[in-house]
Amino acid sequence: MKLFDFQFFLSTFPELARVIPVTLKITIVAMLASVVTALAVALVRIYRIPGLRQLAAVYVSFARGTPMLVQIYLSYYGIPLVVQFLRDKYGWNLDVSQIPAIVFIYFAFTFNVAAYLSETIRAAILAIDKGQMEASLSVGMSSLQGLRRIVLPQALAVALPSFGNTAIALVKDTSLAFMISVVEMMGEAKILGARGLRFFEVYVAVALVYWAICIIIERLVALGEKRVRRFEGLSAVRPS
Amino acid sequence: MIKLDDIWKAFHHNQVLKGIDLEVRKGEVVVLLGPSGSGKSTLLRCINCLERADKGTIRIGDLEVDTAQLRKPQIAALRRKTTMVFQNYNLFRNKTALENVMEGLVVVQGIPVKVARERSAACLDKVGLGDRFNHFPSQLSGGQQQRVGIARAMAMDPEVILFDEPTSSLDPEVVGGVLDVMKGLARDGMTMVVVTHEMAFAREVANHVAFMDGGVIVEEGTPAQVFERTRELRTRAFLQRVRRDGPALAGPAPAGAAAIPGAGPAGGGLPALQR
């Protein structure tokens, strides 16, 4: 028996590549939904909106204090129960078993990642000098306009490196999706390993693919950072 | 033009303003003087509702509001009539100099971008920054940033510009440039309320000077009245301190000044404070 079946190792790449879109889809959907959710949670906490504020604090604490895998199971087994209950109560015409498993993955990851991102965003917004908002108000903008046009773009520059780290962690966490039978890269790797009876080769291959994806994200974040931070430093004067 | 009537403001248990009355006529420059903590900045910030006064009425032009029951539309209306120049400039850090000036015109006044750009460029030219349109605040010196701040304030064509210690963060050698811009504005008939420690500016440009201490206006009048014929002991003590610490100020010491404990020798001679 060969120590390392190079032939087999290489043959797994096209198979793995086939399911890269699944991993990316989970990452992108969860990341986008998380940013929106996290911004709302962060604003609730910054503006201390009564009622919602306590709810947000409990949510963040729970989401950060329980394992991702548990949250996936809670989503997978819990959401159908809720949907079923609502269906029985309001007579919806909806078959729970028709919901693809990946939807529960979207929910679980958004739930988890948004909690971390909300803390990032909250810190980033608080890091912006309050004079920026005062200046916005002093020229007659509303708080919302000041937030959207002045404070948030600056907060984004502060938060972007953390966003990158979160996205990278998320890519790696998507490997848990196979636990509820969503065939993403890790799931595909297990299937290939079982089929060829060579696991080590497949896992080396899948590790390299994850690594490559993470390097690409790192690069993209670095590029984005340069763009959103162009106002901060000694960069060249922007052409008009 | 502006009339403040019995303005009160407390932060927690600290009563900062204790019933301020102030009147500013159109085209007038009013300078607020006073030691730190006397409430002058707070008063300024109450005028455009960056701080909400607890009690009192504010009238600007034809708009009169009771600060005890401010509503959002009233705040918005007050802010449309005023703009502010800040001690720390507070330029929008993510916008170029030109965009800083344009922002309010486009977003608040709804002026088409092209028109707003022309008007903003003219304002920047006026403050001597015609060659800095596309610089970000981080690429400008303090004096340049403050001049953009003034351009931003005047572009909105407000009824009054509020200056909150506009030169206090600046290096001494650039203070003069900023004060010159302010003098130009005053000459053009802009109504201004200025919190400053620049005594020479107050003497030269102000129509009216108000000295605040402990949340009240202790003394007010023309610069000549306040600086040369000072009536109140507290004003006199403050002016003495400023003269001793800072460069010599104009005017002979008021009679009796030497009797104030701790008062140093008054600086002699006339406007010595040329920067």
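Quick caveat: nothing in here was measured; it's all calculated off a predicted structure.

(A) Looking closely at the overall build of chain A. Within chain A, the regular secondary structure consists of eight helices and zero strands. Secondary structure elements of chain A occur, N-terminal to C-terminal, as α-α-α-α-α-α-α-α. Dimensions of chain A along its principal axes, counting C-alpha atoms only, are 75 × 60 × 30 Å. Buried positions account for 41% of the 240 residues belonging to chain A. If the 23 positive side-chain charges of chain A are averaged to one point and the 14 negative ones to another, these points end up 7 Å apart.

(B) Quick peek at the interface of chain B and chain A. Taken together, the 26 residues of chain B in the interface contact 26 residues of chain A. Together, Phe92, Arg93 and Asn94 of chain B form the three largest contributors to the area buried by chain B at its contact with chain A, with a combined 23%. Put simply, chain B and chain A have two salt bridges between them. Glu134 of chain A is the salt-bridge partner of Arg45 of chain B, the closest N and O atoms lying 2.7 Å from each other. At the level of elements, β6 (82-85) and α3 (97-107) of chain B are the ones that each hand at least two residues to the side of chain B that touches chain A.

(C) Examining the packing of aromatic side chains more closely. In total, this model carries 13 aromatic pairs over all chains according to the counting rule given. With centroids separated by 5.6 Å and ring planes inclined at 40°, the aromatic side chains of Phe6 of chain A and Phe9 of chain A adopt a geometry described as tilted. Highlighted residues: Phe6 of chain A and Phe9 of chain A, both in helix α1 (residues 6-46), separated by three residues, approximately one helical turn. Given the relative accessible area of 7%, Phe9 of chain A is considered buried. Considering the side-chain rings of Phe211 of chain B and Phe238 of chain B, the 5.2 Å spacing of their centres and the 40° angle between planes classify their relative orientation as tilted. Highlighted residues: Phe211 of chain B in strand β9 (residues 208-213) and Phe238 of chain B in helix α9 (residues 233-245), separated in sequence by 27 residues. Exposure class is identical for Phe211 of chain B and Phe238 of chain B. Each is buried.

(D) Up close: the pairing of strand β3 (residues 29-33) of chain B. Residue and element names in this part refer to chain B. Across the five residues that make up β3, a large majority, five, are buried. Residues Val29, Val31 and Leu33 point to one face of β3 and Val30 and Leu32 to the other, with burial holding for every one of them. In terms of strand pairing, β3 meets strand β8 (residues 192-195) through four bridges, oriented parallel. Bridge pairing links Val29 to Met192 in β8. Two strands pair when backbone bridges link them, and β3 and β9 are joined in this way by four bridges, in the parallel orientation. Bridge pairing in β9 places Val31 opposite Val209.

Rules used in this analysis
Residues numbered from 1 in each chain as written. Chains lettered and ligands numbered in written order. Predicted model: local features only at pLDDT ≥ 70, side-chain atom pairs only at ≥ 80, totals over all residues. Heavy atoms only, no water. Helix = DSSP H or I, 4+ residues; strand = E, 2+ residues; numbered from the N terminus. Buried < 20%, exposed > 50% of the residue type's maximum accessible area, 1.4 Å probe, protein only. Lys, Arg positive; Asp, Glu negative; His and termini not counted. Charge placed at Lys NZ, Arg CZ, Asp CG, Glu CD. Contact = heavy atoms within 4.5 Å. Buried area = accessible area lost by both parts, 1.4 Å probe. Salt bridge = Lys/Arg side-chain N within 4 Å of Asp/Glu carboxyl O. Phe/Tyr/Trp six-rings, centres within 6.5 Å; stacked < 30°, edge-to-face > 60°. Pairing = 2+ DSSP bridges.

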